[in-house]
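So you can see what is in the structure, the chains are spelled out below.
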Amino acid sequence: MATQTDNHYLAGLDLAGRRVVVVGAGPVAQRRLPRLINAGAAVEVIAPQATPAVEALADSGEITWSRREYRDGDLDGAWYAVAATSSDEVNAAVGAEAERDRVFCVRSDNATEGSAVTPAVAEHDGLLLGVLAGGKPRRSAGVRDALLEAMQSGVIDEHPEPHAPGVALIGGGPGAPDLITVRGRRLLAKADVVITDHLAPRELLEELGSHVEVIDASKIPYGRSASQSVINETLIEKVRAGKFVARLKGGDPYVFGRGFEELLACAEAGVPVTVVPGITSAFSAPAMADVPVTHRGVAHEAVVVSGHVAPDDERSLVDWEALARLRGTLVLLMAVQRIEAFAEVLIKNGRPADTPVAVVQEATTGTQRSLKTTLAQVAEDVRTHDIKPPAVVVIGPVAGLKP
């Protein structure tokens, strides 16, 4: 068998419709299979046993699984092979057959004994990055990760041409700048105009170029706020001026974020919109306070409720009596000012007064605070601890769980 050198020739293989054989169905094969499947390869896995994930791929028809030991001749007709068993002897046999039949083969146990190596790979916006470091996988992975992060954050601009005019409706997540999605951060870096509010990750604005116009559209609870109609008009006006506009919101734009209102306004005006979901504070804020909104045997439902109007307000669309009968988790957003009214209506309609409650203020930020209390006590404790918006209220047995 030829000895592999460190001077590899990096090439992109077109495996669509071509036979690829993977010998072994353990954790290593599990990691290699998704990219082979995505490449359109006709993958056959040969192994007597498989991990549940590999078995699921076979059950769904994404791969063919031959449930037996490897036999000489199994690579007949293959274009590419992966030897990924826990047996050095079997891997060597696969490698020997591949060498004899001129099939490029990756060996998971000893990369230098194969005729090919797997680069550290990542995908980004239509680009496939592959890094080889002469048999030093940690170095290649480190370089790949650094390149990927640089492109995701906009430090490396792989699209030097301006973005086409339009709107990116971006959910910025619960507050911490590193909790925005990869796509959200990438589109934010391309923006000519950023229309943001006070709940969006403020630190991300510092990364914007000096040419970027930043417009404050804050909707401050119980204070001054920008009219939604003015925000809609600004989005449309900037796009018609040839700009790519990032509408940066806190949380997820479709979870009480008026995101769909803005999409409708843009659609009516013929303005193209890209929607980028975000991590909602309804679930991430409790998580940061060690409160799971669901837990096996404790809560089988999690209901997210807006608290921007009181239970007796004629504008309310919430059936508070029905919510009180539930035994699972209630997550209240924008509820701090009216928490006493919400607690009273829930207790009145059957929710036990000693139901655990967690309140998390400014989750994921350096000023995060949280308290644990009960439904009967929550209003007083919120006043005593001077809890201010933005805060998330979690009501239900999950709020009483301890790590």
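Residues numbered from 1 in each chain as written. Predicted model: local features only at pLDDT ≥ 70, side-chain atom pairs only at ≥ 80, totals over all residues. Heavy atoms only, no water.

### Comments concerning helix α1 (residues 27–38)
Okay, step 1: Among the residues of α1, Ala29, Leu33, Leu36 and Ile37 are the ones counted as buried. One face of α1 carries all of its buried residues, which in axial projection span an arc of 90 degrees. Along α1, exposed side chains directed more than 90 degrees from the buried face belong to Pro27, Arg31 and Asn38.
Okay, step 2: At its buried positions, α1 is contacted by β1 (19–23), β2 (42–46), α2 (52–59) and β4 (80–83). (Buried < 20%, exposed > 50% of the residue type's maximum accessible area, 1.4 Å probe, protein only. Helix = DSSP H or I, 4+ residues; strand = E, 2+ residues; numbered from the N terminus. Arc of directions from axis to C-beta. Contact = heavy atoms within 4.5 Å.)

### Looking at the side chain of Thr196
Okay, step 1: Mapped onto the elements of the fold, Thr196 is located in strand β9 (residues 193–196).
Okay, step 2: What Thr196 contacts, discounting residues up to four positions off in sequence, is Leu205, Val214, Ile215, Asp216, Ala217, Ser218, Arg247 and Leu248.

### Things to note about the sheet that holds strand β14 (residues 329–333)
Okay, step 1: Spatial strand order, β13-β14-β17-β15-β16: 5 strands in an open sheet with mixed pairing. Taken across any chain shown, the strands that pair with only one partner, and hence form the sheet edges, are β13 (302–306) and β16 (369–374). Strand-to-strand, the axes of this sheet are offset by a mean angle of 20 degrees, without reference to chain direction.
Okay, step 2: Looking at chain direction, strand β15 (residues 356–361) and strand β17 (residues 391–395) are connected through 5 bridges and run antiparallel. Within β17, the position partnered with Val359 by the bridge is Val393. (Pairing = 2+ DSSP bridges. Axes fitted to C-alpha atoms, helices over the stretch in contact; angles between N-to-C directions.)

### Looking at the UniProt feature "active site" (unreviewed entry) in the protein
Okay, step 1: If you check UniProt for "active site" (unreviewed entry), the listed places come out as Asp197 and Lys219 in our numbering.
Okay, step 2: Residue placement: Asp197 occurs in the loop between β9 and β10 (213–216).
Okay, step 3: Residue classification places Asp197 among the buried positions, given a relative accessible area of 14%.
Okay, step 4: Separated by 3.0 Å, the side chain of Asp197 and the backbone nitrogen of Leu199 make a polar contact. (UniProt positions renumbered as here; feature names shortened; annotations may be inferred. Polar contact = N/O pair within 3.5 Å; in protein donor to acceptor, adjacent residues only side chain to side chain.)

### Points about the packing of helix α6 (residues 228–240) against helix α7 (residues 259–268)
Okay, step 1: Where α6 meets α7, the closest approach of the two axes is 10 Å, and the angle between their N-to-C directions is 45 degrees. Here α6 is positioned oblique relative to α7, judged by the angle of their axes. Note that α6 runs across α7; the crossing there is right-handed. Residues Gln228, Ile231, Asn232, Leu235 and Ile236 of α6 pack against Glu261, Glu262, Ala265 and Cys266 of α7.
Okay, step 2: Here the residues of the contact of α6 with α7 sort into 5 nonpolar, 2 polar and 2 charged. (Parallel < 35°, antiparallel > 145°, perpendicular 65-115°, else oblique. Left-handed = near helix turned anticlockwise from the far one by under 90°. Nonpolar A, V, L, I, M, F, W, Y, C, P; charged D, E, K, R; others polar.)

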